Protein chains: 2
Amino acid sequence: MSEKLDRRKKYTRKVLKEGLITLLAQKPISDITVKEICELADINRSTFYTHYNDHYDLLSKIEEEITEDMNEYLNSYNYPAEEESIQMTRKILEYVIENKFMFQTLLKKDAAPTFEKRMMELTRGFMMNNWRGDNHLGKAEVNYLSTFVISGAIHVIKDWIAHDMDQSPKEMALMINNFINYGFSYLE
Amino acid sequence: MSEKLDRRKKYTRKVLKEGLITLLAQKPISDITVKEICELADINRSTFYTHYNDHYDLLSKIEEEITEDMNEYLNSYNYPAEEESIQMTRKILEYVIENKFMFQTLLKKDAAPTFEKRMMELTRGFMMNNWRGDNHLGKAEVNYLSTFVISGAIHVIKDWIAHDMDQSPKEMALMINNFINYGFSYLE
DNA sequence: AACTGTTTGTTGAAAATCCAACACGGTGTC
DNA sequence: GACACCGTGTTGGATTTTCAACAAACAGTT
């Protein structure tokens, strides 16, 4: 599954990714050139093309990596003495805080529009698996509702990021959870 | 004179140097192994040997680089409205401050004993060239005196570093200069 | 429309690095 | 002393990156 990477490959991809992230903090992906990324990363441009098709490809690989990593984190340790539904939300927020800069640039308006979509899907999948299992309703309806609810939650998170994460993850998790709960109460 | 370095060489040498400096901040050069440096720098050990003979060699290259760089700096721009003899000392201190961490580790006791010697020579050469030219005395005596004076000055700088550079470079330059002047007044 | 400058994607050969393996010397342990 | 362990320096072949060059697409200027 995961190819063996020798040191050089690892390094090359690392600095190219860092380079793109840096540039994404300044301008949207469409204004960024491959040449620019390579100069910043101090990597020969021809090397770039042995790893990625273009800078959009590189961006999607970055996003892929983050979502994979986040997914792993979400499925890891749980705080034992906390209500299950709050835990989930809290862990998501913690992960966001850990990768503050990354999320700030990738969720920024127009910087990388696809990232938000990925986050939606990941978060939704996770929630669908872990939310209290008492949904005896039609799958379709539940799915649509979760889209509705999670879209709202994600945008609250974006707001939170925009306000430089003033509230603690725990605090925010409680609040967002109330929103989500209220949304799901539609089913009852 | 200076060979052309392709990106890879530059990078390799850069991280190896950084690695050694990091380790030197923790223990003396004699306790450091080549293997250790390579692991920290994430560079294959065989590559190390294509650049340096051993870690002492690497250290000397580092020192060489610093002294060259410092020499260049010392011969650069002068503050126009300041007395010549103070300027010199001040520039030296400024350079030290710019490379604070480097000097702190390299001048640390037992970390790298040769560095001090290099600094002595460099500083002395610079002073001999720039000090007021009214020395109609025998070269030999002036040389010995300068050794005496500069050795004192360097150890004052070491003290200054050890005290985390509380005083400003300008302040220190004035003070050290007074010491030096007093030393040279021996000749009069 | 011709011109200028810039980015793109691709190529081939040179250069550098990686990796695994080796024999060797030192150091400490039983 | 025999033993295991670890760092050393070196080698050869595989892999990767670099560099310089190229034709092509594109944008902006006059």
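Residues numbered from 1 in each chain as written. Chains lettered and ligands numbered in written order. Predicted model: local features only at pLDDT ≥ 70, side-chain atom pairs only at ≥ 80, totals over all residues. Heavy atoms only, no water.

Asker: What exactly am I supposed to notice about the nonpolar core here?
Answerer: General note: in soluble globular proteins, nonpolar side chains tend to be found buried as a group. If you look at the biggest cluster of nonpolar residues, it comprises 48 residues, and the most contacted ones within it are Leu20(A) and Phe103(A). Listing elements by their share of this core, those giving two or more residues are α1 (7-24), α2 (34-41), α4 (55-74), α5 (84-98), α6 (100-106), α7 (113-130), α8 (139-162) and α9 (169-184) of chain A. Examining the composition of this core, we find that eight residues originate from one element, α8(A), more than from any other. For this core, the domains that each give at least three residues are domain 1 (7-58) and domain 2 (62-187) of chain A. Once residues lying within four places of it in the same chain are set aside, the contact partners of Leu20(A) are Ile29(A), Ile32(A), Ile37(A), His55(A), Leu58(A), Leu59(A) and Ile62(A). In this structure, Ile43(B), Leu58(B), Met88(B) and Ile157(B) belong to the second largest nonpolar core, which totals 47 residues. (Core = buried A, V, L, I, M, F, W, Y, C linked by side-chain atoms within 4.5 Å. Buried < 20%, exposed > 50% of the residue type's maximum accessible area, 1.4 Å probe, protein only. Helix = DSSP H or I, 4+ residues; strand = E, 2+ residues; numbered from the N terminus. Domains from an automatic or database assignment. Contact = heavy atoms within 4.5 Å.)

Asker: So what exactly am I meant to see when it comes to the relation of the copies chain B and chain A here?
Answerer: In this structure, two copies of a chain are linked by a rotation about an axis accompanied by a shift along it. Least-squares fitting of chain B to chain A yields an RMSD of 0.1 Å, with the superposition described by an axial translation of 0.0 Å and a rotation of 180°. With respect to symmetry, the two chain copies, as superposed, fit the operation of a two-fold axis. Looking at the rotation axis and the C-alpha trace of chain B, the residue lying nearest is Arg8(B), at 4.9 Å. Interface residue correspondence from chain B to chain A reaches 100%, placing this contact among same-surface, isologous pairings. (Least-squares fit on C-alpha atoms with pLDDT ≥ 70 in both.)

Asker: Looking at this structure, I do not really get the protein's contact with DNA strand D. What am I missing?
Answerer: In the vicinity of DNA strand D lie 19 residues, with Arg8(A), Thr12(A), Thr47(A), Arg8(B) and Arg45(B) positioned nearest. Atoms of DNA strand D within 4 Å of the protein: sugar and phosphate make up 66%, bases the balance. One nitrogen or oxygen atom from the main chain of Asn44(A) is found 3.1 Å from a phosphate oxygen belonging to DNA strand D. Interatomic distance of 3.1 Å between a side-chain N/O atom of Lys35(B) and a phosphate oxygen of DNA strand D. Broken down by secondary-structure element, the contributors of at least two residues to the surface near DNA strand D are α1 and α3 (45-51) of chain A together with α1 (7-24), α2 (34-41) and α3 (45-51) of chain B. Across the surface near DNA strand D, the residue classes tally to three nonpolar, seven polar and nine charged. (Near = heavy atom within 4 Å. Polar contact = N/O pair within 3.5 Å; in protein donor to acceptor, adjacent residues only side chain to side chain. Nonpolar A, V, L, I, M, F, W, Y, C, P; charged D, E, K, R; others polar.)

Asker: Looking at this structure, I do not really get the interface of chain B and chain A. What am I missing?
Answerer: A common measure of how large an interface is: the accessible area buried when the components associate. Residue-level contacts link five residues of chain B with five residues of chain A. For the pair chain B and chain A, the summed buried surface comes to about 550 Å²; carbon and sulfur atoms form 37% of the total. Where chain B touches chain A, the interface holds two salt bridges. Among the salt bridges present, the one from Arg7(B) reaches Asp42(A), with a minimum N-O distance of 2.9 Å. Looking at the side of chain B that touches chain A residue by residue, the classes come out as two nonpolar, one polar and two charged. (Buried area = accessible area lost by both parts, 1.4 Å probe. Salt bridge = Lys/Arg side-chain N within 4 Å of Asp/Glu carboxyl O.)

Asker: I tried to follow the layout of surface pockets on my own but got confused; where do I start?
Answerer: Rolling a probe over the atoms, with the probe sized like a water molecule, indicates the empty space that remains. Taken as a whole, the largest pocket encloses approximately 810 Å³ of empty space. Every residue lining the largest pocket is counted, 25 residues in all, and those nearest its centre are Arg8(A), Tyr11(A), Arg8(B), Tyr11(B) and Thr12(B). Among the residues forming the lining of the largest pocket, the class breakdown is six nonpolar, seven polar and 12 charged. (1 Å grid on protein atoms, 1.4 Å probe; cavity = no way out; pocket = protein on both sides within 12 Å on 5 of 7 lines; lining within 4 Å. Points joined across faces, edges and corners; volume = space filled by probe spheres on them.)

Asker: Mind showing me how you'd approach empty space enclosed by the protein here?
Answerer: Residues and elements named next belong to chain B. Counted under the stated rule, the structure contains three cavities of 30 Å³ or more. In this structure, the largest cavity encloses a volume near 120 Å³. In terms of lining residues, the largest cavity is bounded by 15 residues, among which Ile-92, Thr-123, Ala-153, Ile-154 and Ile-157 are the most central. Counting only elements with at least two residues in the lining of the largest cavity, the list comes to α5 (84-98), α7 (113-130), α8 (139-162) and α9 (169-184).

Asker: Looking at this structure, I do not really get the protein's contact with DNA strand C. What am I missing?
Answerer: Close contacts around DNA strand C come from 18 residues, with Arg8(A), Arg45(A), Lys9(B), Thr12(B) and Thr47(B) the closest. The sugar-phosphate share of atoms of DNA strand C within 4 Å of the protein amounts to 64%. Contact distances for DNA strand C include 3.0 Å between a phosphate oxygen and a side-chain N or O atom of Tyr49(A). His51(B) is positioned with one of its side-chain polar atoms (N or O) 3.0 Å from a phosphate oxygen of DNA strand C. Across the surface near DNA strand C, the residue classes break down as three nonpolar, seven polar and eight charged.

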